[in-house]
Structure formats: C-alpha cells, structure tokens
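Listed here are the chains, written in short residue letters.
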Amino acid sequence: MAIKDQLRIISRVIDRTEALKIQYGHNKIALNELKKLKNNLTSLKQYLKNLDETNSTYKSNEVNELVKPLFLHLDILKIEMTANDYRKLSKALTGLKKLLHFHAKRYSTFQFICAWVLEFFYFI
C-alpha cells in the first residue's frame, strides 16, 4: 500500500528531530518541544500503520487533527532554534503535510512520484 511512502518520510522527520535533540540538549525549552514533536510524529506514524494493517482509508480531516500539533511545536521552536535548523525542520514538516493530502489507495503510483519529488526538494 502507498502508506509506506508516508511512513518513510515520517521516519526521516523523526530522525531529523533526534539529531536536533542532541544539538539543542542545553536548551530545555527547545529540547522539550522536540520531544513533544517526536511523540506526535510517532503517534501519527502509529495511526497510519494501524490504517495500513486494517486496509482502511483515512479522511483528510482525521489526519489534519494529528498534523495541527506538529505545526504548533514548530511555531514554538522558531524562537528557540537557529534559522537554518528551523528552516530544515519546517521544510520537512511542510513536505509531510503535502504528502498526507493524497489518498492512500487510489493514487499509489502518482503518490510515489510525488513523494519522491517532495523528498528531493524538502530533505535535500
């Protein structure tokens, strides 16, 4: 199923937050927000895995409720992080949000191509 592309990108964003947690270990506010961001990304990943196991589809409003807290944490991190680190994390979350708008079953080939392009622009 095409959810594996979304899970791969979520894993890349989680890896990026892990690297930032090491870098911002001295800043308690940034570290706390990065931990919360990682927890929300993990819950989104688990939600998508559960959908993949049950072979059901999701609606964009359900996913939007799981994505909204990610951007709240990102807004708080804007103050605490350097501009370059914030830009990288912001681009990664924006790419993830764009990819989550595609239907998981109907457009698997189209979604794969879009996932590849989004990964190229937002992670490289």
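Computed from a predicted structure; not experimentally measured.

**Q** Help me understand the side chain of Asp85, please; the structure alone is not making it clear to me.
**A** Along the chain, Asp85 turns up in helix α4 (residues 83-100). Buried and unpaired, Asp85 has Lys88 as its nearest opposite-charge partner, separated by 5.1 Å. Polar side-chain contacts of Asp85 include one of 3.1 Å to the side chain of Thr82. Leave out the neighbours within four places in its chain, and Asp85 touches Leu20, Gln23 and Tyr24.

**Q** Explain the packing of aromatic side chains to me, please; I cannot follow it from the model alone.
**A** Pairs of aromatic rings are described using the distance from one ring centre to the other and the angle between the two planes. For the structure shown, the criterion picks out zero aromatic pairs. The cationic tip of Lys97 hangs over the ring face of Phe71; the distance from NZ or CZ to the ring centre is 5.2 Å.

**Q** Can you walk me through the nonpolar core in this structure?
**A** Soluble globular proteins tend to pack their nonpolar side chains together in the buried interior. The biggest cluster of nonpolar side chains holds 30 residues, and the ones touching the most others in it are Leu37, Leu41, Leu44, Leu89, Leu93 and Leu96. Put simply, the parts of the chain that give this core at least two residues each are α1 (3-23), α2 (28-54), α3 (60-80), α4 and α5 (108-123). In this structure Leu93 touches Val13, Leu37, Leu41, Leu70, Phe71 and Leu74, once residues within four positions along its chain are discounted.

**Q** Even after reading the chapter, I still don't get α2, so can you show me in this structure?
**A** Along an α-helix, residues three or four apart share an orientation, since each turn contains 3.6 residues. The first and last C-alpha atoms of α2 sit 39 Å apart over 27 residues, in line with the 39 Å expected at 1.5 Å per residue. Listed in full, the buried residues belonging to α2 are Ala30, Leu31, Glu33, Leu34, Leu37, Leu41, Leu44, Lys45, Leu48 and Leu51. Capping of α2 at its N-terminal end is provided by Asn27; its side-chain oxygen lies 3.3 Å from the backbone amide nitrogen of Ile29.

Cut-off values and rules
Residues numbered from 1 in each chain as written. Predicted model: local features only at pLDDT ≥ 70, side-chain atom pairs only at ≥ 80, totals over all residues. Heavy atoms only, no water. Helix = DSSP H or I, 4+ residues; strand = E, 2+ residues; numbered from the N terminus. Buried < 20%, exposed > 50% of the residue type's maximum accessible area, 1.4 Å probe, protein only. Lys, Arg positive; Asp, Glu negative; His and termini not counted. Salt bridge = Lys/Arg side-chain N within 4 Å of Asp/Glu carboxyl O. Polar contact = N/O pair within 3.5 Å; in protein donor to acceptor, adjacent residues only side chain to side chain. Contact = heavy atoms within 4.5 Å. Phe/Tyr/Trp six-rings, centres within 6.5 Å; stacked < 30°, edge-to-face > 60°. Lys NZ or Arg CZ within 6 Å of the ring centre and 35° of its normal. Core = buried A, V, L, I, M, F, W, Y, C linked by side-chain atoms within 4.5 Å. Expected span 1.5 Å × (residues − 1).

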